[in-house]
Each structure stands twice: as C-alpha cells, then as structure tokens.
Amino acid sequence: MESIRPDNTDPIPLRPAPNQFGTIMMRFVGLLAVAIAILALVYSR
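Residues numbered from 1 in each chain as written. Predicted model: local features only at pLDDT ≥ 70, side-chain atom pairs only at ≥ 80, totals over all residues. Heavy atoms only, no water.

Caption draft 1: Examining the overall build of the chain more closely. Along the chain, the regular secondary structure elements total one helix and zero strands. Looking at the chain residue by residue over its 45 residues, the buried ones come to 0%. Total accessible area on the chain stands at roughly 5,100 Å², and carbon and sulfur atoms take up 69% of it. (Helix = DSSP H or I, 4+ residues; strand = E, 2+ residues; numbered from the N terminus. Buried < 20%, exposed > 50% of the residue type's maximum accessible area, 1.4 Å probe, protein only. Areas by Shrake-Rupley, 256 points an atom, 1.4 Å probe, with all protein chains shown as cover.)

Caption draft 2: View of a nonpolar patch on the surface. Taken together, the side chains of F21, M25, F28, V29, L32 and I36 define a hydrophobic patch exposed on the protein surface, amounting to about 600 Å² of accessible area. Looking at where L32 falls in the secondary structure, it is placed in helix α1 (residues 17–44). (Patch = residues over 30% accessible without salt bridge, like charges linked within 9 Å, V, L, I, M, F, W, Y side chains within 5 Å. Salt bridge = Lys/Arg side-chain N within 4 Å of Asp/Glu carboxyl O.)

Put into structure tokens, the structure is as follows:
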C-alpha cells in the first residue's frame, strides 16, 4: 500500500483563531453590558 504525500511540505495553514476569538469575546462583553444595564434599570424601579 502506497502512502500519499503532498507535493509541498509546508505546514497546513490554520484558521485565524485569534480574530474569531476576539469577535466572540466582543459579542460576549457587549451582551453582558446590555444585560447589566437592563437589570440595573429594572432594579432601580
């Protein structure tokens, strides 16, 4: 059985994980701030 190898031996490029992680963190922080603001408005009444 023959092993199949690619022509170039460059490492496989990974997805831009830091950018995606930053986007998820920004959404999380934004939703957290909105939730805190809503709770503060409800609690102040």
